[in-house]
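Each chain, written out:
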Amino acid sequence: MALRPEPRKNHLLGTLPDAEWQRWLPQLEAVEMPLGQVLYESGTTLSHVYFPTSAIVSLLYVMENGASAEIAVVGNEGIVGISPFMGGESTPSRAVVQSAGHGFRLKAQAIKDEFNRAPVLHLLLRYTQALITQMAQTAVCNRHHSLDQQLCRWLLLSLDRLQGSNELVMTQELIANMLRVRREGVTEGALKLQRAGLISYARGHISVLDRQGLERRSCECYAVVKKEYDRLLPDKIAI
């Protein structure tokens, strides 16, 4: 069945040159991505890579005792599953849908084959560099900045990966797991932002009321990550 133009709502797919796009199109499979769905587990070999269009996926590093912490978020700007084309096959991280939506998937072998072509290689390496920047900045932020600043960064990164929406729906437990805090800490931090008039929060439903206010309240980490994504992944890339 022919796919609608919807796949190109994903930035990477939308940036593909026409020849690559026509070759990829028949291989892309539309998928629903419900809240909490695990796309892959730590240590498993990936069978597919995912291109979210309206969903947001959290990448979590998993410790031996089962504890985990978020290292990055991926939405319509990118791809979930870089290990197949980077040669690793598996990864110590877990990928969990943090905001429900839709996306497309491609077989891991197909992305490995495509990676040998110059235009795709250049595009995916640019994306990987941007993702590594986000991972590094998240580690620094979690170590040196307050929960209030971390929550602002996380909200802004999530908003950037939605299609013009200011609404986020996710469980308190999921937010706490991502930020490595207790559920009570999430509630306290969210209520603090609500009292400041920046968000409206109720039972895991977050409405951003003042984005500029969130940006002013956030640490420098959000701006560093956004600048790197904008630099490496503009609307049109010379590949």
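Below is a summary of the structure that appears in this document. (Residues numbered from 1 in each chain as written. Predicted model: local features only at pLDDT ≥ 70, side-chain atom pairs only at ≥ 80, totals over all residues. Heavy atoms only, no water.)

1. Quick notes on the overall build of the protein chain
Along the backbone of the protein chain there are ten helices and ten strands. Expected size for 239 residues packed as a compact globule is a radius of gyration near 18 Å; at 17 Å, the protein chain falls within 12% of this value. Of all 239 residues assigned to the protein chain, the portion counted as buried reaches 50%. Per element, the accessible surface of the protein chain, about 11,300 Å² overall, is 51% carbon and sulfur. (Helix = DSSP H or I, 4+ residues; strand = E, 2+ residues; numbered from the N terminus. Rg over C-alpha atoms; globule rule 2.2 N^0.38 Å. Buried < 20%, exposed > 50% of the residue type's maximum accessible area, 1.4 Å probe, protein only. Areas by Shrake-Rupley, 256 points an atom, 1.4 Å probe, with all protein chains shown as cover.)

2. Describing the sheet that holds strand β6 (residues 93-99)
The strand order β2-β6-β4-β5 describes an open sheet built from four strands, whose pairing is antiparallel. Where the open sheet ends on each side, the last strands, each with one partner, are β2 (38-40) and β5 (68-74). Within the sheet, the average angular offset between the axes of one strand and its neighbour, ignoring direction, is 30°. Bridging between strand β4 (residues 56-62) and β6 involves six bridges; their strand directions are antiparallel. (Pairing = 2+ DSSP bridges. Axes fitted to C-alpha atoms, helices over the stretch in contact; angles between N-to-C directions.)

3. Overview of the sheet that holds strand β3 (residues 48-52)
Spatially, β1-β7-β3 is the arrangement adopted by the three strands of the open sheet, whose pairing is antiparallel. Looking at strand neighbours, the two that pair on one side only are β1 (29-33) and β3, the edges of this open sheet. The mean inter-strand angle of the sheet, taken between neighbouring strand axes irrespective of direction, is 40°. Note that β3 and strand β7 (residues 101-107) share five bridges and pair antiparallel. Paired with Pro52 across the strands is Gly103, a residue of β7.

4. Considerations on the environment of Leu162
Here Leu162 lies in the loop between α6 (147-160) and β8 (167-169). Overall, Leu162 belongs to the buried group, its relative accessible area being 12%. The spacing of Leu162 and Glu173 is eleven residues in sequence and 21 Å in space, taken between C-alpha atoms. Excluding anything up to four places from it in sequence, Leu162 contacts Ser54, Ile56, Asn76, Ser99, Glu167 and Leu168. (Contact = heavy atoms within 4.5 Å.)

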